[in-house]
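Chain by chain, the residues:
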Amino acid sequence: MAEGTLALNNLTWFSEVPNATIDTSHPLGVDTNLSSKVFITVLYILIFLVGTIGNVLTIQLVLKKCSLQSLQGTVHYHLVSLALSDILILVISIPIELYNFIWFHYPWVFGDAVCRSYYFLRDICSYATVLNIASLSCERYLAICHPMKAKMIMSRRRTKKILSVIWVSSTVFALPMAFIMGVRYQNITPEGEPDPSSLVCTSLVSNATLKIFIQVTIYHVQ
């Protein structure tokens, strides 16, 4: 749920934000009108509240039922892992996106470390969500279509190992983002110095390199 709705970032925001306009008064030439900002802010707040409350309730309900049978317990591990990844991506993405990609496009005020960490952590949660859903789907397929086999295969210990692999793999897949992304000045002052107001958190590599990385990562995740 989260990764589909949190796509407004500094790589694609101009093409995705409704009523985005060109601001010729600033060298970077981007702006979003007030009505769009308010609309997206309200939408993001609703997504944050519904997503956070729903996933927290999911974790609480699962923990209360931790005494169920082993086969059902494996489903609960998947649900907790999935809910956790969704909560993290909401907490990590929405505040920064609202502040820096919706209301104040430039300059980036959080520093280089936060810029790299934001994309790195966001991608970890995104990959973890996808892999958690895939793992849960496989587990449910076995439980429904091959129940006897599932009882022998899907133990709690094995499920914990699978989920550990999912989170470690997600970290590995997302690690390049810590090096690809960073802060950069987009403009130079007449004196030849970097313009502080043009500092943005963006890709430090070419668009072609970034596209190749994304395609290779999607291929491995699939």
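Residues numbered from 1 in each chain as written. Predicted model: local features only at pLDDT ≥ 70, side-chain atom pairs only at ≥ 80, totals over all residues. Heavy atoms only, no water.

Enquirer: Just checking my understanding: could you explain the overall build of the chain for this structure?
Expert: Counting secondary structure elements, the chain contains nine helices and four strands. Helices (α) and strands (β) of the chain occur, in sequence order from the N terminus, as α-α-β-β-α-α-α-α-α-α-β-β-α. Within the chain, the proportion of its 222 residues that are buried is 41%. A sequence separation of at least 24 residues applies to 70% of the contacts in the chain between residues at least 6 apart. As displayed, the chain has an accessible area near 12,300 Å², and 69% of this comes from carbon and sulfur atoms. (Helix = DSSP H or I, 4+ residues; strand = E, 2+ residues; numbered from the N terminus. Buried < 20%, exposed > 50% of the residue type's maximum accessible area, 1.4 Å probe, protein only. Contact = heavy atoms within 4.5 Å. Areas by Shrake-Rupley, 256 points an atom, 1.4 Å probe, with all protein chains shown as cover.)

Enquirer: Is there a simple way to explain the pattern of salt bridges in this structure?
Expert: Close approach of charged atoms allows side chains with opposite charge to pair. Overall, the coordinates contain three salt bridges when judged by the stated rule. The shortest N-O distance in the salt bridge between R116 and D112 comes to 2.7 Å. Taken together, the positions of R116 and D112, both in helix α5 (residues 111-145) and four residues apart, correspond to about one turn of that helix. Among the ionic pairs, D123 bridges to R122, the shortest N-O distance being 3.5 Å. Of the residues examined, R122 reaches a relative accessible area of 11% and is grouped as buried. (Salt bridge = Lys/Arg side-chain N within 4 Å of Asp/Glu carboxyl O.)

Enquirer: So what exactly am I meant to see when it comes to the pairing of strand β4 (residues 199-203) here?
Expert: The side chains of a regular strand alternate, first on one face of the sheet and then on the other. Across the five residues that make up β4, a large majority, five, are buried. Pairing analysis gives five bridges linking strand β3 (residues 181-185) to β4, with the strands arranged antiparallel. When the bridges of β4 are listed, G182 appears paired with T202. (Pairing = 2+ DSSP bridges.)

Enquirer: So what exactly am I meant to see when it comes to the state of the cysteines here?
Expert: Here, disulfide denotes a covalent bond that connects the sulfur atoms of two cysteines. One pass over the structure, following the stated rule, counts one disulfide. Two residues, C115 and C201, share a disulfide whose sulfurs are 1.9 Å apart. A torsion of 80° about the S-S bond marks the disulfide between C115 and C201 as right-handed. In this pair, C115 is assigned in helix α5 and C201 in strand β4, connecting sequence segments 86 residues apart. Each member of the pair C115 and C201 is classed as buried. (Disulfide = S-S within 2.5 Å.)

Enquirer: What exactly am I supposed to notice about a nonpolar patch on the surface here?
Expert: A grouping of Y99, F104, V109, F110 and V114 is seen on the molecular surface, where their side chains present a nonpolar patch of about 420 Å² in accessible area. If you trace the backbone, V114 turns up in helix α5. Residue V114 is classed as partly exposed on the basis of its relative accessible area of 33%. (Patch = residues over 30% accessible without salt bridge, like charges linked within 9 Å, V, L, I, M, F, W, Y side chains within 5 Å.)

Enquirer: I would appreciate a short explanation of the packing of aromatic side chains in the present structure.
Expert: How two aromatic rings sit relative to each other is set out by the distance from centre to centre and by the angle between their planes. Enumeration according to the criterion identifies five aromatic pairs in this entry. Arranged with centres 4.8 Å apart and planes meeting at 70°, the rings of Y118 and Y119 form a pair that is edge-to-face. Judged by relative accessible area, Y119 falls into the buried class, the value being 0%. When the centroid spacing of 5.8 Å and the interplanar angle of 70° are considered together, the rings of Y127 and F173 count as edge-to-face. Highlighted residues: Y127 in helix α5 and F173 in helix α7 (residues 156-174), separated in sequence by 46 residues. Put simply, the rings of Y99, F104, W108 and F110 touch in pairs and so form one group of aromatic residues. (Phe/Tyr/Trp six-rings, centres within 6.5 Å; stacked < 30°, edge-to-face > 60°.)

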